[in-house]
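# Understanding the architecture of this molecule
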Amino acid sequence: MKKEYPSYKTIARPVGPVLVKEKKSKFLGWAFSVTDETEVAARVSQLKGEYADASHVCYGYRINPVSPRIRVNDDGEPSNSAGRPILGQIESSDLYDILICVVRYYGGTKLGVGGLIQAYRETARRTLQESLILTRVPVTLFRLTFDYDRLDAVMRLISQLDLKIQHQEFDLDCRLEVEVSSSTQMKARDGLMALGKIRLEEFTSYASG
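As a starting point, this report considers the structure included with it. (Residues numbered from 1 in each chain as written. Predicted model: local features only at pLDDT ≥ 70, side-chain atom pairs only at ≥ 80, totals over all residues. Heavy atoms only, no water.)

The next point concerns the nonpolar core. Grouped together as the largest cluster of nonpolar side chains are 21 residues, with contacts concentrated most on Phe 27, Ile 86, Ile 98, Ile 100 and Tyr 120. Residue assignment for this core shows that the elements contributing at least two residues are strand E2 (15-22), strand E3 (25-33), helix H2 (83-92), strand E6 (98-105) and helix H3 (112-129). With 5 residues, H3 is the single largest residue contributor to this core. Contact partners of Ile 86, with chain neighbours within four places excluded, come to Cys 58, Tyr 59, Gly 60, Ile 100, Val 102, Tyr 120 and Ala 124. (Core = buried A, V, L, I, M, F, W, Y, C linked by side-chain atoms within 4.5 Å. Buried < 20%, exposed > 50% of the residue type's maximum accessible area, 1.4 Å probe, protein only. Helix = DSSP H or I, 4+ residues; strand = E, 2+ residues; numbered from the N terminus. Contact = heavy atoms within 4.5 Å.)

Quick look at the structure:
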């Protein structure tokens, strides 16, 4: 079965710190654009290093609208009092490829589970308020590999069909990734294959809408 690639919303750039105070405790919120767990681990590790004296570094993330991966971490706070309300704000805003981290400095007064839920939710909400939201839409890309003697002909066809080059690499041979609209896919595919000795791979990626 062919995968469906839906349009989805994410943030355009990192945001933070966003400060929320609750009964002398300080909550600092960040939002990061992430596409895999390695990036999540790096961001969380960075914050734990920079704020080593903080009481907790809690987070929630949702990655990949095609095969969603979701996780929350309370980092020692009572179960579901931190990561879950953070994730709730991500889900209510219908965002993907996003990590929200909240650093807490304990102020000496216990907030209780209800107070913690409210504080982490509010910090995540305000952090998202500061974020620039963009929509990413699926696009079809052709990955082309060919010899240098076909470069002029390939570039001429790309220009004629007004295709958008997303990536290019010139080493022992030529490698291009071009964005192809639905209306020009067949014409582009036939034209490229007619040039001969071109390896063409078709895949789906995302671009900002």
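Before going further, it helps to examine the environment of Leu 157. Mapped onto the elements of the fold, Leu 157 is located in helix H4 (residues 151-161). Measuring from C-alpha to C-alpha, the distance between Leu 157 and Gly 191 comes to 7.3 Å, with 34 residues separating the pair along the chain. Other than its neighbours up to four places away in sequence, Leu 157 contacts Ala 188, Gly 191 and Leu 192.

What follows is about the packing of aromatic side chains. Between two aromatic rings, the relevant description is the distance of the centres plus the angle of the planes. By the definition in use, this model includes 7 aromatic pairs. An angle of 10° between the planes, with centres 6.4 Å apart, marks the rings of Tyr 59 and Tyr 61 as stacked. Across the pair, exposure class does not vary: Tyr 59 and Tyr 61 are buried alike. Three or more aromatic residues joined by ring pairs make a cluster, and in this case those are Tyr 5, Tyr 8, Tyr 96 and Tyr 206. The positively charged end of Lys 26 is found above the aromatic ring belonging to Tyr 105, 5.5 Å away from the centroid. Between the NZ or CZ atom of Arg 62 and the centre of the ring of Tyr 96, over which it lies, the distance is 3.8 Å. (Phe/Tyr/Trp six-rings, centres within 6.5 Å; stacked < 30°, edge-to-face > 60°. Lys NZ or Arg CZ within 6 Å of the ring centre and 35° of its normal.)

Moving on: H4. Along an α-helix, residues three or four positions apart point the same way, because every turn accommodates 3.6 residues. Within H4 the residues assigned to the buried category are Leu 151, Val 154, Leu 157, Ile 158 and Leu 161. Buried residues of H4, viewed axially, fall in a sector of 135°; they line one side. Exposed side of H4, more than 90 degrees from the buried face: Asp 152, Ser 159 and Gln 160 are the residues found there. Downstream of H4 by a residue or two, Asp 162 has a phi angle that is positive, lying close to 55°. (Arc of directions from axis to C-beta.)

Time to look at the sheet that holds E2. What holds strands together in a sheet is hydrogen bonding between their backbones, with the strands either parallel or antiparallel. Read across the sheet, 5 strands follow the order E2-E3-E6-E4-E5 without closing on themselves; strand pairing throughout is antiparallel. The sheet terminates laterally at E2 and strand E5 (69-73), the two strands that pair on one side only. Each neighbouring strand pair of the sheet contributes to a mean axis angle of 15°, computed without reference to strand direction. Here strand E4 (residues 56-63) runs beside E5; their pairing, made up of 5 bridges, is antiparallel. Residue pairing across strands places Tyr 61 opposite Arg 71, the latter belonging to E5. Against the sheet, helix H1 (residues 37-50) contacts E3, E4, E5 and E6, and its axis sits at roughly 160° relative to E4. (Pairing = 2+ DSSP bridges. Axes fitted to C-alpha atoms, helices over the stretch in contact; angles between N-to-C directions.)

What follows is about the pairing of E6. Counting buried positions along E6 yields 8 of 8 residues, so the element is predominantly enclosed. Taking every second residue as pointing to the same face, both faces of E6 are buried, with Ile 98, Ile 100, Val 102 and Arg 104 on one and Leu 99, Cys 101, Val 103 and Tyr 105 on the other. In this sheet, E6 lies alongside E3 in antiparallel orientation, the contact comprising 8 bridges. The residue of E6 that forms the bridge with Gly 29 is Val 102.

Note that all results are geometric; they support no functional claim without further evidence.
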